[in-house]
Amino acid sequence: MKVLMFGWEFPPFNTGGLGTACYGLTKGLANNNVDVTFVVPQMPEKVNAEFVKLISAKSYGKANIKFRMVKTPLAGYMTPEEYKVKTALLTNVPDGQQKLYGDNIFMEAQIYAEKAAEIAKTEPHDVIHAHDWMTYMAGLAAKKVSGKPLVVHVHATEFDRGGGNGVNQAVYDLERKGMHEADAICSVSEFTKNKIIEHYGVDPNKINVVHNAVEFNDHKFVKESFGLSRDSKVVLFLGRITLQKGPEYFLYAAKKVLEQDPNIKFVVAGTGDMHGMMIEKAAELGIGENVLFTGFLKGKDIDKAYQMADLYVMPSVSEPFGITPLESMRNNTPVLISKQSGVSEVVNHVLKVDFWDVDKMANQICAILKYGELHNALMENGNKEVQNFSWNIPAEKCLHVYNKLLENKLINNNLNKTENFKSLKNLNQVKDLFYSINRGVN
Amino acid sequence: MVSTCFYFQVHQPYRMKNYGVFDIGKNQNYFDHDNNKQILNKVANKCYLPTNAVMLNLLNQHSEFKVAYSFSGVVLDQFQEYNPQVLSSFQRLVETGQVEVLSETFHHSLAFLHSKQEFKEQVELHRKKIKEVFGVTPTIFRNTELIYNNELAETVAGMGYKGILTEGADHILKGRSPNFLYHPQSTPKENPNFKLLLKNYKLSDDIAFRFSNKSWKEHPLTVPKFVNWINSINGNGNCVNLFMDYETFGEHQWKDTGIFRFLSHLPQQLLKHPDNDFKTPSEVINSYEAVDKLDVHNAMSWADVERDLSAWQGNKMQLSALKSLYNMEAQVKNSNNPELLALWRKLTTSDHFYYMCTKWFNDGDVHKYFNPYDGPYDSYIAFMNIVNDLKQRLEIRD
């Protein structure tokens, strides 16, 4: 089995759970003897040699994982507005290079899609698998070229990203098109599946729930190396600081907890569009001294942050899955998560609250810090529970989806494959679509 | 001759509120009045009232039909507070003279395992309550969730009871039959004839758990089939002890499963066989001799597949909650404050600890289903917060 996979970020150059999930899933597929060619946008300012080396150094069993880079400034979790800022900063790039980048993020996704079609011509594959909206067009373009079945993997929808504050119509249109034209959909939770059915009008039978998992490592830190947590208990927020993740609810809860015990420290790890706003918010609430901002963390520092904390809180407003609670459980740190998350469907040994119920959130935080046996029980049972979350399981589910598609294809094989290689015409159709979307945006 | 002996458990706890850390020192309402009232009325309509109507009819029709009930004190209090009609329907059953009422701890507690003194006080409170409500004084004891060990038998025999009900667990019987009476390992000299009635868990659970289970190979369970199983015990057993929660009828097994039809046809069919009869636990004890002694060193119960105490005190949260609670006993009693003592006692109800059970992935599912909180951790939090508030109130008084 050979899979041509389109992603938009991959560790170590990831800013969120999507890259983590792609890494884990790819590894899980390799363990299931699936060959994967992973196509990612190449960040112009990064040196990719290091990246490739890092990956090729890993053991992937018998199967073969190959990376193909596409030059583009596309990055994970970029909004159309952010793209404009980013490309504006690239004006100093020598003339020859600048034409690589499109005028907006949709043009960029189109360039990526055109390259995808070229790759699809040369890379042998049985199935195409595209992760989230920026790669759906690439997936569709590849499908037009090779005629192979397309799986789109929904890690988030525009309704999650907006955090309830509206959606970008152009992004929505791309998502909807991808979902409808795909042969099968993988969604990271029932929570997300319901959103797909409700907001995108997709046939439920086409959607396969594939819950995420977590990668294990042996990063261990001695308590003494933390400094901070020696004299005060630490409550951690770790994630992008953006509306969807509910950072302000974390601060409101912190305020209430600190009224009970002024000695507790709240650590906010990550970056995002609300970073500055949250620093101001903490000051405005009068808890600035107790709320510490670490900036963006990666690699071992992430594990260190979890291990330093007495409790990890994920107050997301709308979390399609949420791998971070699993990471916390892996690090023996108890977890409090919002009920508005996919991960809450699959974990039992955690506390769950509604993201908006700040009183309850504060109460539960206090309880975990106050009652040692509760902390220990969550820690021990949580760690035991997370051991079941191997990436081999979601990979097996994806493999099952691939096999089903190939079986169906065999049965309904009325397609004249040569027809599909009249790719020029098809590519033009893809272009037309992008232009029509662009007009909608500009 | 084989005697069928029915005993039904009637109990509802006072469920706690989702009492937060911030409530400590500010909120003295620990129990969820509205929720408790609502649940009691729901169970009354689905189970207590319709089942009592069937029972009264059966008792009137067949003078040979006998049953036993054990009511926790806290459920009787709730009947009086929320639904007196239910209480009078139970009183009418007892008035037939064919119903035996058993003795237990007023608060359906684990007190025997944590404080013998409190255990005896709660049993005494319960005796008074039963006398007041039903005008009878029980002679047979059953401990919360049929929890039993050698020591309990000695204590209860020393209190003058004639016998005790417990689980017919395989690991205790070791191949012997639950369909005979047994003696405990040792009894006080003044009460040498103290006997044990053991639950026939197979036949009991056929009704209580498997009745509506379509994947069970005996489904559907018909009256002739069940009577046939009981008949087959004739000649190799004296009694078939069918012990179950009363909520089996209409609540665990819904009306549309046919459970009421099953119940209303069972006595007549069973009595067709001349060697069958119904007996109450004390009649069984008076009619038959014990065949052997049972040695139960580690406590057993009727719960879960383990038939042990792990549902209530199997994890560290449960143990710490129990410890915090019973550590307060002397202080609560010395305070001479009846209100605080009553609150403390309501917290001894075993259900609070059952909700904290984390044995989820097998028969723990049942715990989750009956849990009024979001999960075991949330119930532990509410309990500990309440204990802390109570402690504060005691210390302020000191």
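On a predicted model such as this, the values are computed, not experimentally measured, just so you know.

A. Expanded view of the sheet that holds strand β12 (residues 335-338) of chain A. Residues and elements named next belong to chain A. Taken together, the 6 strands give an open sheet; going across it, the order is β10-β9-β8-β11-β12-β13, and neighbouring strands pair in parallel fashion. At either end of the open sheet lies a strand with only one pairing partner, and these are β10 (291-295) and β13 (351-353). If you compare each strand with its neighbour and ignore which way they point, the axes differ by 20° on average. By the bridge criterion, 4 bridges tie strand β9 (residues 265-269) to β10 in an arrangement that is parallel. Of the residues in β10, the one forming a bridge with F266 is V291. Across the face of the sheet, helix α10 (residues 247-260) comes into contact with β8 (234-238), β9, β10 and β11 (311-314) while running at roughly 170° to β9. Sheet strands touched by helix α14 (residues 358-370): β8, β11, β12 and β13. Its angle to β13, the strand with the most contacts, is close to 165°.

B. Local environment of the packing of aromatic side chains. Enumeration over the complete set of coordinates arrives at 43 aromatic pairs over all chains. Pairing A:Y306 with A:Y312 gives two aromatic rings, centres 5.4 Å apart and planes at 85°, and the pair type is edge-to-face. For A:Y312, a relative accessible area of 1% corresponds to the buried category. Each ring, one from B:F71 and one from B:F134, has its centre 5.0 Å from the other, and the planes form 25°; the classification is stacked. Within this pair, whereas B:F71 is found in strand β2 (residues 67-71), its partner B:F134 is found in helix α5 (residues 116-134), the two being separated by 63 residues in sequence. Here B:F71 and B:F134 have matching classes, each one buried. Through pairs of rings, three or more aromatic residues link up here, namely B:F6, B:F8, B:Y48, B:F65, B:Y69, B:F71, B:F79, B:F90, B:F134, B:Y246, B:F249 and B:F278. The side chain of B:K202 reaches across the aromatic face of B:W229, ending 4.7 Å from its centre. Between the NZ or CZ atom of B:R210 and the centre of the ring of B:W216, over which it lies, the distance is 5.8 Å.

C. Main features of empty space enclosed by the protein. All names here are of chain A. One pass over the structure, following the stated rule, counts 1 cavity of 30 Å³ or more. Contributing to the lining of the largest cavity are M329, T333, P334, V335, H349, V350, L378, M379, G382 and N383. Looking at the lining of the largest cavity element by element, the count peaks at 4 residues for helix α15 (residues 372-386). Of the residues contributing to the lining of the largest cavity, the split by class is 6 nonpolar, 4 polar and no charged.

D. Quick look at the side chain of B:T248. Here B:T248 shows up in the loop between β8 (239-245) and α10 (259-271). In this structure the side chain of B:T248 is engaged in a polar contact, spanning 2.7 Å, whose partner is the backbone oxygen of B:D245.

Analysis parameters
- Residues numbered from 1 in each chain as written.
- Chains lettered and ligands numbered in written order.
- Predicted model: local features only at pLDDT ≥ 70, side-chain atom pairs only at ≥ 80, totals over all residues.
- Heavy atoms only, no water.
- Pairing = 2+ DSSP bridges.
- Helix = DSSP H or I, 4+ residues; strand = E, 2+ residues; numbered from the N terminus.
- Axes fitted to C-alpha atoms, helices over the stretch in contact; angles between N-to-C directions.
- Contact = heavy atoms within 4.5 Å.
- Phe/Tyr/Trp six-rings, centres within 6.5 Å; stacked < 30°, edge-to-face > 60°.
- Buried < 20%, exposed > 50% of the residue type's maximum accessible area, 1.4 Å probe, protein only.
- Lys NZ or Arg CZ within 6 Å of the ring centre and 35° of its normal.
- 1 Å grid on protein atoms, 1.4 Å probe; cavity = no way out; pocket = protein on both sides within 12 Å on 5 of 7 lines; lining within 4 Å.
- Points joined across faces, edges and corners; volume = space filled by probe spheres on them.
- Nonpolar A, V, L, I, M, F, W, Y, C, P; charged D, E, K, R; others polar.
- Polar contact = N/O pair within 3.5 Å; in protein donor to acceptor, adjacent residues only side chain to side chain.

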